[in-house]
Amino acid sequence: MKKYSKTRIVFIIACICLLAVSLFQIGLRVTDYVGESSSSSQMEELFGVADASDAKAPVLPQTTPSVSNDAAETPEHPSDPLIEDARSYFANCDFDALLSVNDEIIGWIVIPGTNISYPICQHGDNQYYLEHTSQRESSLVGAIFADYRVKDPFKEFNTILYGHRLLNQTMFSALKTYVDKDVWEKHPYIYICTPDNIYVYEIYAAFRGDPDGISYDVGIHSAEKKQAFLDYSLSCAAYDTGIIPPADPFFLTLSTCTGTGHSQRMIVHSVLVATEKPNQPDTAAFTNEQ
């Protein structure tokens, strides 16, 4: 009987310790989530970006095509309705204010009609911003960040952005909704603002995919590998958007976890369709074989 009591006491103590650790971890997560909301609001106010959460996709002429690199170099595109719509979000933006907080901020992403509106950071690895905010504060919520392997983001064949999928539905959580075609139809565009340009991308494929798949390839130069990237993304798409990117496009890939372990990622592929300064993407950078 005495031996049984000691075992029972040890079991109860172990349960109490486990509960204490669990409550501590929950407390940390709640604190980080609250901090993320405050941090995001501060950065939005500092940058001066317009609220995009209730926005609708701009109404475009029915004949508006996805532009190729050649088309992007024509003088008409600065008045493109997509660029005009993107400008409405970034008209009062102050990058100097952002850089005074963190000189690793390289841009801002907005997906109109969603709660995705965040600064984009880039560090010397892909770990730092998994555990730090855009204000460089230690936090489990992390930040939206560009793959460190992309040396010139938004001007290379495939720029990859990462962000956490959080339980409070912030950061890149909204990406999971793109497995529903209705969501894509309502929110098909991604706006990127950098210190020297505005980029508009059109989403053409979304799916739960392999974290080691072609979607995460960078430094792609050869025509064969570019075509393999495009074929792969189209073949994996959860539904047909009817969009076939041009032969030599610029891609933006968004990635987050699926909430079902590490075997898959939620991947959203988009293609550049308009730029404020059409001569910015350097097509000459893609003339050599990988």
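Structure shown above.
Fair warning: this is a prediction, and the values are worked out from it, not measured in the lab.

Undergrad: Help me get a handle on the overall build of the chain, residues and values and all.
TA: Across its full length, the chain holds six helices and eight strands. For the chain, the α and β elements follow one another from N to C terminus as α-α-α-α-β-β-β-β-α-β-β-α-β-β. Counting every position in the chain, which comprises 290 residues, the buried fraction comes to 48%. A separation of at least 24 residues holds for 69% of the contacts in the chain among residues at least 6 apart in sequence.

Undergrad: Any details on the sheet that holds strand β8 (residues 265-275)? Residues and values, ideally.
TA: On the basis of which strands lie adjacent, the closed barrel formed by eight strands has the order β1-β2-β3-β4-β7-β8-β6-β5 and mixed pairing. Here the average twist between neighbouring strands, direction ignored, is 30 degrees. Where strand β1 (residues 105-110) meets strand β2 (residues 117-121), five bridges bridge the pair, whose relative direction is antiparallel. Bridge pairing in β2 places G107 opposite I120. Contacts from helix α3 (residues 81-90) reach β1, β5 (189-194), β6 (197-209) and β8, with the element oriented near 55 degrees to β5.

Undergrad: Before we move on, could you go through the nonpolar core and cite the residues and values that matter?
TA: Of all hydrophobic cores here, the largest spans 76 residues; its most connected members are F90, I109, L161, Y178, I192 and L254. The greatest single-element share of this core, amounting to nine residues, is contributed by β6. Those residues in contact with F90 that sit more than four places away from it in its chain are F47, V49, W108, V110, Y191, I192, C193 and I198.

Undergrad: Quick rundown of the pattern of salt bridges? Include the residues and the values.
TA: The final tally for this structure, using the stated rule, is seven salt bridges. The salt bridge involving R87 is made with E84; its shortest N-O contact spans 2.5 Å. Within this pair, R87 and its partner E84 are both found in helix α3, separated by three residues, close to a single helical turn. Residue K226 pairs with D248 through a salt bridge whose shortest N-O separation is 2.7 Å. Here K226, found in helix α6 (residues 223-236), pairs with D248, found in the loop between α6 and β7 (251-257); they are 22 residues apart in sequence, far enough to count as distant.

Undergrad: Explain empty space enclosed by the protein to me, and be specific about the residues and the numbers.
TA: Using the criterion set out here, one finds one cavity of 30 Å³ or more in the structure. Estimated volume of the largest cavity: approximately 90 Å³. Lining the largest cavity are 13 residues; nearest its centre among them are S40, Y118, S134, G142 and M171. Here the lining of the largest cavity gets four residues from one element, more than from any other, and that element is helix α1 (residues 2-47). A class-by-class count of the residues in the lining of the largest cavity yields seven nonpolar, five polar and one charged.

Rules of the game
Residues numbered from 1 in each chain as written. Predicted model: local features only at pLDDT ≥ 70, side-chain atom pairs only at ≥ 80, totals over all residues. Heavy atoms only, no water. Helix = DSSP H or I, 4+ residues; strand = E, 2+ residues; numbered from the N terminus. Buried < 20%, exposed > 50% of the residue type's maximum accessible area, 1.4 Å probe, protein only. Contact = heavy atoms within 4.5 Å. Pairing = 2+ DSSP bridges. Axes fitted to C-alpha atoms, helices over the stretch in contact; angles between N-to-C directions. Core = buried A, V, L, I, M, F, W, Y, C linked by side-chain atoms within 4.5 Å. Salt bridge = Lys/Arg side-chain N within 4 Å of Asp/Glu carboxyl O. 1 Å grid on protein atoms, 1.4 Å probe; cavity = no way out; pocket = protein on both sides within 12 Å on 5 of 7 lines; lining within 4 Å. Points joined across faces, edges and corners; volume = space filled by probe spheres on them. Nonpolar A, V, L, I, M, F, W, Y, C, P; charged D, E, K, R; others polar.

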